[in-house]
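Breakdown of the fold
One-letter residues, chain by chain:
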Amino acid sequence: MLDLEVQPERSLGNEQWEFLLGMPFYQAIYILRKQDTIIRGVQVWYGDQNPLFTDLVINLTQDGVRLIFDSSSQQLKIIEVYNLSKVKLRYCGSVFNSLTVFPTLDQIDNSFGATHPGVYHSEKQLFVLNFRGLSFEFRVDSKCEPRYTHGIGAIQFRAGTSPVVSKMYIYAGNSLDDTRAPSLPLSCFHGNAYLEKLEVILEHNITKALKFFLVSEGNGPSKVSDVKKVAIERTVSFNNTCQDVTSALGCPSKVYYKDEDKMKIHSPVALQKAKSRRSDYFFNYFTLGMDILFDAYTHRVKKFILHSNFPGHYNFNMYYRCKFNIPIDVLVPSKFKPEDHKEADLTIRRVDLRYNTKWHAVQEFLISSDRKPVVLNRASTTNTTNPFGSTFCFGFRNMIFEVMPNDHIASVTICMPNT
């Protein structure tokens, strides 16, 4: 049985690890991997068809705990303990729930102190007691009747009885219904910079550079307050050297050297037969949600890959979500003349393609509907199965859009334009 400390509006954990509100999804998974001998029975719930409309959930079935992550930011929003018989809970070092200490209403009052009167939901037969950043739900007998004193509703329980907590929630703010995932806590940075958003800079529809809006830890000994977070803006362009990129974004999380090029089959025959003595290499920036490819000979940027990190994709949880925005100017008909079948007049329209844009919403502006995609089926060398199925790649100018079966864009590859 897990022995955990409850910190309202902050976390649930112990001296070795803690689930912290605002922490990224992949950090919670990292904790679970490290504690795999203690925490077992882990499930991940997500919306397969509409992943942005359904919260991402880690369900710890053997411990009665759910970690609920915001579907957009993929940061921890709510910690729910739904089966208190499977976990031992403390507050300020004092046990209020265990095999021998029952979390009755009286026990909660003694452990946490006074708060506003609880709220009774007659249709659900639930009594909810709220503290700031912490709520307790009690199942009450249908015979209990609400009573009102000075306009305040309360529950009158029979003498000698006190209801027991059925669920507990930890969240940020005063209201569970209105709570949102807090910003990334300083204790989750671990010396890394994180991406707030990314703007793709185009001139005459030619990609010139990528502008990064980053947040990082500030200098100084204190890490208690969010004031120590520092906002940073950096720009990286094609043909930048690896030294330029490192100066702008810091050292990569990993460097990967390409050992094969599976897209070479689509190149001219002469290039297919040519063997390179050197390998292009990637700078993998996992906390920025992107990869940068460098030419093996010039050591300059030749490609960017932006990852949306949607659940149900083969690379899910490898990268922090890249919240990109790509403004594209396209020509669209301004009017149509069916009577003489003449071509419609064309006008320029700005299409903003973001990480949460569905492909069908922009496809008609970018490519013809009869163009067939390239089918991509990922599999590792050790495990040749891919339970998530194939994705579909569409080319537009110097970009490749990888689209999932649910119509979400999994990644965008931006290649260096032809000179």
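Residues numbered from 1 in each chain as written. Predicted model: local features only at pLDDT ≥ 70, side-chain atom pairs only at ≥ 80, totals over all residues. Heavy atoms only, no water.

1. Section: the sheet that holds strand 27 (residues 399–403)
For the record, the criterion: Any two strands are treated as partners once DSSP identifies two or more bridges connecting them. Here a strand is any run of E in DSSP of at least two residues, a helix any run of H or I of at least four, and the numbering for each starts at the N terminus. Lines fitted to the C-alpha atoms define the axes, with helices restricted to the stretch that makes contact. Angles between their N-to-C directions range from 0 to 180 degrees. Throughout, a residue-residue contact means that at least one pair of heavy atoms, one from each residue, lies within 4.5 Å.
Spatial strand order, 19-20-21-22-28-27-26-25: eight strands in an open sheet with antiparallel pairing. Each edge of the sheet is formed by a strand with only one pairing partner; in this case those strands are strand 19 (254–257) and strand 25 (374–376). The sheet shows a mean angle of 20 degrees between the axes of neighbouring strands, direction not considered. Direction of pairing for strand 19 relative to strand 20 (residues 281–285): antiparallel, over a ladder of four bridges. The partner of Y257 across the bridge, within strand 20, is Y281. Helix-sheet contacts for helix 3 (residues 242–249) involve strand 20, strand 21 (290–294) and strand 22 (301–307), and the interaxial angle to strand 20 is about 0 degrees.

2. Overview of helix 5 (residues 359–366)
To keep it simple, the criterion reads: Here's how the labels work: a residue is buried when its accessible area is under 20% of the maximum for its type, exposed when over 50%, partly exposed in between, all with a 1.4 Å probe on protein chains only. Directions pointing from the helix axis toward each C-beta atom define the arc.
Within the span of helix 5, buried status applies to W359, V362, Q363, F365 and L366. Seen from one end, helix 5 has its buried residues packed into an arc of 170 degrees, which puts them on one side. Projecting away from the buried face of helix 5 at angles above 90 degrees are the exposed residues H360 and E364. Those residues of helix 5 hidden inside the fold are in contact with strand 23 (324–333), strand 24 (346–354), strand 26 (391–396), strand 27 and strand 28 (409–415).

3. Topic: the pairing of strand 28
Of all seven residues in strand 28, six are buried, a share of seventy percent or more. Alignment of strand 22 against strand 28, held across five bridges, turns out to be antiparallel. Note on strand 28: the bridge partner recorded for L306 is V412. As paired strands, strand 27 and strand 28 are joined by five bridges and run antiparallel to one another. Looking across to strand 28, one finds that F401 is bridged to V412. Counted between consecutive antiparallel strands, the loop separating strand 27 from strand 28 contains five residues, among which D407 sits at a positive phi close to 80 degrees.

4. Digging into the pattern of salt bridges
Here is the rule: Throughout this description, the term salt bridge denotes a Lys or Arg side-chain nitrogen within 4 Å of a carboxyl oxygen of Asp or Glu.
Scanning the entire structure with this criterion turns up eleven salt bridges. Its salt-bridge partner being K302, residue D295 comes within 3.7 Å of it at the nearest N-O pair. When its relative accessible area of 24% is taken as the criterion, K302 is described as partly exposed. A salt bridge links R350 to D329, with the nearest nitrogen and oxygen atoms 2.6 Å apart.

5. Structural notes on helix 2 (residues 105–112)
Among the residues of helix 2, L105, I108, S111 and F112 are the ones counted as buried. End-on view of helix 2: buried residues confined to an arc of 130 degrees, all on one side of the axis. Looking at the buried side of helix 2, the elements it contacts are strand 8 (87–91), strand 9 (94–97), strand 11 (126–131), strand 12 (134–139) and strand 15 (165–170). At the exit of helix 2 stands G113, carrying a positive phi of roughly 90 degrees.

6. Let's talk about the layout of surface pockets
Defined as follows: Here a cavity means grid points, on a 1 Å grid over the protein atoms only, where a 1.4 Å probe fits yet cannot get out; a pocket means an open set of points with protein on both sides within 12 Å along at least five of seven lines; lining residues are those with an atom within 4 Å of a point. Grid points are joined across faces, edges and corners, and a volume is the space filled by probe spheres set on the points.
By volume, the second largest pocket amounts to about 440 Å³. Contributing elements (two or more residues each) for the lining of the second largest pocket: strand 7 (76–81), strand 10 (119–121), strand 11 and strand 12.

7. Focus: the side chain of E137
Our working rule: Here Asp and Glu are counted as negative and Lys and Arg as positive; His is not counted, and neither are the chain ends.
Inspection of the secondary structure puts E137 in strand 12. An unpaired buried charge is present at E137: no salt bridge exists, and K167, the closest side chain of opposite charge, is 4.9 Å distant. With residues up to four places along the chain from it excluded, the contact list for E137 reads L126, F127, V128, V164, V165, S166, K167 and Y169.

8. Brief notes about the environment of K323
For K323, the location among the structural elements is in the loop between strand 22 and strand 23. A relative accessible area of 25% means that K323 is categorised as partly exposed. When residues no more than four places from it in sequence are discounted, the contact partners of K323 are S72, S73, L195, E196, K197, L198 and Y355.

9. Remarks on the environment of I305
Looking at where I305 falls in the secondary structure, it is placed in strand 22. Taking C-alpha positions, I305 is 8.6 Å from G289, a pair spaced 16 residues apart along the chain.

10. Overview of the packing of aromatic side chains
Going by this rule: Note on aromatic pairs: the rings of Phe, Tyr and Trp (six-membered ring only in Trp) are paired at centre separations within 6.5 Å, and the planes decide the class, stacked below 30 degrees, edge-to-face beyond 60, tilted for the rest. Placement of a positive charge over a ring is assigned whenever Lys NZ or Arg CZ falls within 6 Å of the ring centre and within 35 degrees of the normal to the ring plane.
Counted under the stated rule, the structure contains 22 aromatic pairs. Measuring from centroid to centroid gives 5.5 Å for F189 and Y194, while their planes differ by 90 degrees, and the two rings are edge-to-face. Summarising the burial analysis for this pair, F189 and Y194 share the class buried. Aromatic side chains F283 and Y285 sit 6.4 Å apart centroid to centroid with 70 degrees between the ring planes, which places their arrangement in the edge-to-face category. One exposure class covers both F283 and Y285, and it is buried. Taken together, the ring pairs in this structure connect Y91, F96, F112, F131 and F136 into an aromatic cluster. One cation-aromatic arrangement involves R66 over Y82; the distance from NZ or CZ to the ring centre is 4.0 Å.

11. Let's talk about the side chain of H307
We count it as follows: In the analysis that follows, any N or O atom pair within 3.5 Å is treated as a polar contact, provided that within protein one partner can donate a hydrogen and the other can accept it, and provided that, for residues neighboring in sequence, both atoms belong to side chains.
Along the chain, H307 turns up in strand 22. Here the side chain of H307 touches D291 through a polar contact of 2.8 Å, side chain to side chain. Not counting the four nearest positions on each side in its chain, H307 is found in contact with G289, M290, D291, Y319, Y320, R321, C322, A410 and S411.

12. What to know about the confidence of the model for the protein chain
Inclusion rule: For every residue, the pLDDT score states the predictor's confidence, bounded by 0 at the bottom and 100 at the top.
Residue-level pLDDT values for the protein chain average 86, and 85% of them are 70 or greater. Across residues 148–153, where pLDDT falls below 50, the model places six contacts with residues more than four positions away in sequence or in other chains.

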